[in-house]
Structures are given as structure tokens and as C-alpha cells.
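Secondary and tertiary structure notes
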Amino acid sequence: TSNALAGNHDTITIKDESFHYDYEGELVIIIGKSGKNIPRDKAMEHILGYTIGNDVSARTLQFRGSQWILGKSLDNFAPIGPTIVSPDDFDFDNATITTTVNGEVRQQAQLQQMMFKPDAIIEFVSQYITLQEGDIIFTGTPSGVVLGKNESKYGWLTSGDTVSITISGIGTLENKFI
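Rules behind the numbers
- Residues numbered from 1 in each chain as written.
- Predicted model: local features only at pLDDT ≥ 70, side-chain atom pairs only at ≥ 80, totals over all residues.
- Heavy atoms only, no water.
- Pairing = 2+ DSSP bridges.
- Helix = DSSP H or I, 4+ residues; strand = E, 2+ residues; numbered from the N terminus.
- Buried < 20%, exposed > 50% of the residue type's maximum accessible area, 1.4 Å probe, protein only.
- Polar contact = N/O pair within 3.5 Å; in protein donor to acceptor, adjacent residues only side chain to side chain.
- Contact = heavy atoms within 4.5 Å.
- Core = buried A, V, L, I, M, F, W, Y, C linked by side-chain atoms within 4.5 Å.

1. Here's the deal with the sheet that holds strand S11 (residues 162–167)
What links the strands of a sheet is backbone hydrogen bonding, and the strands pair in either a parallel or an antiparallel sense. Taken together, 5 strands build an open sheet; the order of strands is S2-S12-S11-S8-S9 and the sheet is mixed. Strand pairing shows two members of the sheet lacking a second neighbour, strand S2 (11–12) and strand S9 (104–110), which therefore form its edges. Pairing of S2 with strand S12 (residues 171–177) involves 2 bridges; the strand directions are parallel. Across the sheet, the residue bridging to Ile12 is Phe177, located in S12.

Shown next, in the form of C-alpha cells:
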């Protein structure tokens, strides 16, 4: 939801640590041309550019009901940035995403490892939703989130933690949790 949008260096408030705050470093697609039922071979024509996103999740709230929106839509839970890079200036095939918490690497993967590439995501979503100029699509996260097998190793985010997500060719998105 729009209240969840935040920018680079904005703070994210931890209201209750029992909500189990988690990070999800993701490539974000920014739509530049509206469309419906977009075929995969035309999908790139609809991309204005790419940026970085952190799909912050309050896991306790996420699983409180059958819909995940509550755990992913608190204020500032969708920071994006620091810039938009056009598809022509972005080397998707060789880009790496790395998420760190307080300087410790938690996620690292090649974007080529994504289960669903941007063209497939746009094709699928546009079958059900008319994509509009300015829409943003978070594309999914690599392994390494706390919710996965790493809960005992890493622990949930707490006040004072800084999450940095870097995608080569785009930059670094950094947010502090307070």
C-alpha cells in the first residue's frame, strides 16, 4: 500500500519486537507504459526502469490471517531507491544482489537465479491487473531471510539495526530500524 513506501535512508519504526521483523532484498520493476495482457516478448517495452526494494515483513502480523498484507504494509515497510536505472543501462544478466544487516551478509545471489524474470512477472501480472505508469513490482527475494532456515542463526531485526541492499549497476538502499 502507498503508506508503506519509503526512500533511501528513511527510518523504519519497530513498534513491537514480538512482530518479528524481517528483510527481503528485491529487484523492483517500475512500469513506464500502461498495459493489459502483455505478452512476454513485449514486456520490456513496459519497463521504465529498475530500482532496489526491501520488502520488510512483520512475520507475526503476516501470518495472523490468511492474507499477508497486514505484515507487509505497515508505514515505511517498502523502502525503494536510491535511483532508477533504465533497462538499457542495466546489465540484468550479470547483476548481483546482496543484503547485509549491520555489515553482515545475509543474502547474496545473481539476479539470473530469479525463479521468475521481469518479463515473465509482467506477463503474468498483466493478465489480471492493468499495469499503469508508475506502478512498482517487487520481484521476490533470494534465500537468506530470517523466516527461512536461518532464524536460529540470525535472529529478527531489532532497534538499531541497519539493512543495506546492493544491486550491482543500481546502487545501495539503506534503512535503519528504530
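2. Points about the side chain of Thr96
Along the polypeptide, Thr96 turns up in strand S8 (residues 96–101). Exposure remark for Thr96: the relative accessible area of 19% places this residue in the buried category. Of the polar contacts made by the side chain of Thr96, one reaches the side chain of Gln110; its length is 2.8 Å. Setting aside chain neighbours within four positions, we find Thr96 in contact with Gln108, Ala109, Gln110, Thr166, Ile167 and Ser168.

3. Description of the nonpolar core
Grouped together as the largest cluster of nonpolar side chains are 43 residues, with contacts concentrated most on Tyr23, Leu27, Phe90, Leu111, Ile122, Ile167 and Ile170. Elements represented by at least two residues in this core include exactly strand S4 (25–31), strand S5 (47–54), strand S7 (78–85), S8, helix H3 (118–125), S11 and S12. For Phe90, the contacting residues outside a window of four places in its chain are Leu27, Tyr50, Val85, Ala95, Leu111, Ile167, Ser168, Gly169 and Ile170.

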